[in-house]
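These are the residues of each chain, in order.
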Amino acid sequence: MTKDLTSGSPLKVILLFTLPLVLGNLFQQFYALADTIIVGRFCGVSALASVGSTGSINYLILGFVIGICNGFAIPIAQLFGARDYSDLRRHVANAAWLCIAFSVVLTITTVALTRPMLVLMQTPEDILDGAVVYIGWIFASIPFIFLYNMVAGIMRALGDSKTPLYFLILTSVLNIGLDLLFIVPFKMGILGAALATDISQAISGVISFAFLCRKFEVLHMQKGEWAVSKRACVRLMGIGVPMGLQCSITAIGSVIMQWAVNVLGSTAVAAVTAASKTMNLLTVPLESIGTAMATYAGQNLGAARMDRVRKGVTSALLIATVYSIASAVILHFADVAVMSLFLDTTTEVEIVAMGREYLFWNSVFFVPLGALIVWRYSIQGLGFSTLAMMAGVAEMIARTAVAIVLVPMLGYFGAELANPAAWIAACVFLYPAYIWTCRQLDNRLLAARLHMQNPSPDHESAL
C-alpha cells in the first residue's frame with residue numbers, strides 16, 4: 001500500500017501521485033458543493049447566501065484542522081523516506097493523541113461561539129439564523145473531520161494517494177444522497193444539508209481508520225510505540241501547528257473580506273458565493289499539486305535527495321503554469337454553465353453578471369496562485385512550516401488592506417481584487433523563502449556527510 005517517491009522521473013512521479021489527489025479533491029469539493037447546489041436549487045437564494053456567508057469562517061476553523069493534520073503527516077513522510085519505521089509508528093501514535101486533544105477543544109469552543117462570530121462579521125440579518133444553524137452543525141463534526149484528514153494524511157505520507165480517493169467518493173455519494181433525502185422529501189432545509197455532511201464525514205472517517213489499521217502493515221504497532229513521546233509531540237507540533245495557523249491566518253483575511261462583502265448586501269454575498277464555488281472547482285488541481293509536493297519533498301528530504309526536491313519543484317511549477325493558463329481560458333467560456341449548478345442563471349441575471357466579473361479578475365491571476373501553492377507546500381514538506389505560515393500572514397495583510405481601503409472606495413470591484421492581491425503578496429515572500437530553505441538544508445546535509453567521513457577525535461576514541 002506504500003509508495004516510494006525518492007526514485008524515478010520527478011515529473012512522472014509527481015503527475016502520477018497528483019492525479020488521484022485531483023480526483024479526491026474534486027470529490028471533496030462535491031462534498032461541499034452538494035450542500036450549495038441543492039440548497040440553492042431547492043431552498044432559494046436566501047438559503048444559498050446563508051450557506052455561502054459561512055465559507056470564510058468555515059475555512060478559518062476547518063482549514064486549521066486540515067492544516068494541522070497535513071503538518072503531522074510531514075514528519076511521517078520524512079521518516080518513511082529515511083526508512084525509520086519504528087520512529088514512524090511512534091509519530092503516528094502521538095499524532096493520534098494530539099488530534100484527540102485538539103478535536104475536543106475545538107469542537108466545544110467553535111460550537112459555543114458560532115453566533116457571536118457570525119454577528120461580528122456583520123452577517124446580514126435575513127440570513128443570520130440560517131448561517132448559525134448550518135455552520136454550528138458543521139463544527140459539531142470536527143472530531144470526524146480530524147479523524148478522516150489524519151488518516152488520509154498518513155496514507156499520503158506513505159505514498160498512497162489512491163485509497164483516500166476511494167473514501168472521498170464514498171463520502172461524496174453519501175453526502176449527495178443524504179442532502180436530497182433531508183432537503184427534498186423531508187423538507188429540513190439548511191439543517192438537512194449540515195446533517196448530511198456530518199453523517200457522511202463520520203462514516204468516511206470511521207471506515208478509513210479501520211482500513212488504515214488493517215491494511216498498512218508498516219503501521220502495526222510494537223510494544224511501547226503507543227506511549228506518549230515528548231520528542232515526537234514537539235516535532236509534530238513544530239510542523240503541524242504552524243501549518244494549521246497558516247490556513248487560519250489566511251482565512252482571517254478571508255473573514256475580513258467576507259465582512260466587507262456582507263456590508264454590500266445579500267446579492268453581493270450570493271454572487272461571491274457562486275463565483276467562489278465555481279473557482280474552487282477549477283483550482284482543485286493546483287491544490288492537489290501542492291499536496292503532492294509536500295509528500296514528495298518530505299520523502300526526498302528524508303532520503304537526503306535535495307537535488308530531486310529542486311527538480312520536483314521545477315516540474316511542479318511547469319505543470320501548474322500550463323494548467324493555470326488552460327483553466328483561465330476554459331473558465332472564460334464556461335463560467336455561466338458552472339454557475340448554473342448553484343442558481344437559476346435565467347432569473348438571477350444580476351448575480352450571474354457580478355459572479356462572471358469576479359471570476360474574470362481572479363482567473364487572470366491563476367499563474368501566481370499556482371506558483372505560491374507549489375512553493376508553499378514544498379517548504380512545508382521540507383519542515384519549514386513557519387515560513388509557509390508567514391506567507392499566510394502576507395495574504396492576510398493583503399486581503400485586509402483591500403477590505404479596508406479598496407472595497408469602501410471601489411465597492412464590489414474592490415472585493416474582486418482581494419484574491420489577486422493576496423496571491424501576489426504571498427509569491428513575493430515565498431520565492432526567496434524557498435531559495436533560503438534549500439540552501440539551509442544543503443548546508444545541513446553537507447555538514448552531516450562531512451561528519452560521517454571525518455568523525456571527531458572524541459567520537460573515534462569513544463569507538
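Computed from a prediction, not measured in an experiment: that's the story for all the values here. (Residues numbered from 1 in each chain as written. Predicted model: local features only at pLDDT ≥ 70, side-chain atom pairs only at ≥ 80, totals over all residues. Heavy atoms only, no water.)

Draft legend 1. Region of the structure containing the overall build of the chain. When helices and strands are tallied, the chain shows 17 helices and zero strands. At 22 Å, the chain has a C-alpha radius of gyration in line with the 23 Å of a compact globule built from 463 residues. Its C-alpha atoms give the chain principal-axis dimensions of about 80 × 40 × 35 Å. For the chain, buried positions account for 56% of its 463 residues. Restricting the contact set of the chain to residue pairs at least 6 apart, pairs at least 24 apart contribute 84%. Carbon and sulfur atoms form 70% of the exposed surface of the chain, whose accessible area is close to 18,800 Å². In the chain, the 27 positive side-chain charges and the 24 negative ones have mean positions that sit 11 Å from each other. (Helix = DSSP H or I, 4+ residues; strand = E, 2+ residues; numbered from the N terminus. Rg over C-alpha atoms; globule rule 2.2 N^0.38 Å. Buried < 20%, exposed > 50% of the residue type's maximum accessible area, 1.4 Å probe, protein only. Contact = heavy atoms within 4.5 Å. Areas by Shrake-Rupley, 256 points an atom, 1.4 Å probe, with all protein chains shown as cover. Lys, Arg positive; Asp, Glu negative; His and termini not counted. Charge placed at Lys NZ, Arg CZ, Asp CG, Glu CD.)

Draft legend 2. Geometry of the packing of helix 5 (residues 125–140) against helix 6 (residues 142–157). As a packed pair, helix 5 and helix 6 sit with axes 5 Å apart at the nearest point and diverge in direction by 55°. By the angle between their directions, the pair helix 5 and helix 6 is classed as oblique. Along the contact surface, helix 5 presents Ile138, Phe139 and Ala140, while helix 6 presents Ile142, Pro143 and Ile145. (Axes fitted to C-alpha atoms, helices over the stretch in contact; angles between N-to-C directions. Parallel < 35°, antiparallel > 145°, perpendicular 65-115°, else oblique.)

Draft legend 3. View of the packing of helix 11 (residues 306–339) against helix 12 (residues 349–363). Where helix 11 contacts helix 12, the two axes come as close as 10 Å, and the packing angle between them is 155°. It follows from the interaxial angle that helix 11 and helix 12 lie roughly antiparallel. Between helix 11 and helix 12 the crossing geometry is right-handed. For the pair helix 11 and helix 12, contact is made by Ala328, Leu331, His332, Asp335, Val336 and Met339 and by Val352, Gly355, Arg356, Leu359 and Ser363, respectively. Among the residues making up the contact of helix 11 with helix 12, the classes are represented as six nonpolar, three polar and two charged. (Left-handed = near helix turned anticlockwise from the far one by under 90°. Nonpolar A, V, L, I, M, F, W, Y, C, P; charged D, E, K, R; others polar.)

Draft legend 4. Here's a closer look at a nonpolar patch on the surface. Taken together, the side chains of Trp97, Ile100, Val104, Ile108, Trp226 and Val228 define a hydrophobic patch exposed on the protein surface, amounting to about 640 Å² of accessible area. Position of valine 104 relative to the elements: it lies in helix 4 (residues 85–120). Relative accessible area serves as the criterion here: at 46%, valine 104 is assigned to the partly exposed category. (Patch = residues over 30% accessible without salt bridge, like charges linked within 9 Å, V, L, I, M, F, W, Y side chains within 5 Å. Salt bridge = Lys/Arg side-chain N within 4 Å of Asp/Glu carboxyl O.)

Draft legend 5. Structural context of the layout of surface pockets. In this structure, the largest pocket occupies an estimated 420 Å³ of space. The wall of the largest pocket is formed by 19 residues, among which Ala96, Leu147, Val151, Phe209 and Trp226 lie closest to the centre. Sorting the residues of the lining of the largest pocket by element identifies helix 4, helix 6 and helix 8 (189–215) as the ones contributing at least two each. The element that contributes the greatest number of residues to the lining of the largest pocket is helix 6, accounting for six residues. Along the lines of polarity and charge, the residues of the lining of the largest pocket split into 17 nonpolar, two polar and no charged. Here the second largest pocket defines a volume of roughly 300 Å³. Lining the second largest pocket are 14 residues, and of these Gln78, Arg235, Leu301, Gly302 and Leu382 sit closest to its centre. Going through the elements one at a time, helix 3 (55–81), helix 9 (230–263), helix 10 (266–302) and helix 16 (418–453) are the ones with two or more residues in the lining of the second largest pocket. Of the residues forming the lining of the second largest pocket, the biggest block, three residues, is contributed by helix 16. Grouping the constituent residues of the lining of the second largest pocket by class yields eight nonpolar, three polar and three charged. (1 Å grid on protein atoms, 1.4 Å probe; cavity = no way out; pocket = protein on both sides within 12 Å on 5 of 7 lines; lining within 4 Å. Points joined across faces, edges and corners; volume = space filled by probe spheres on them.)

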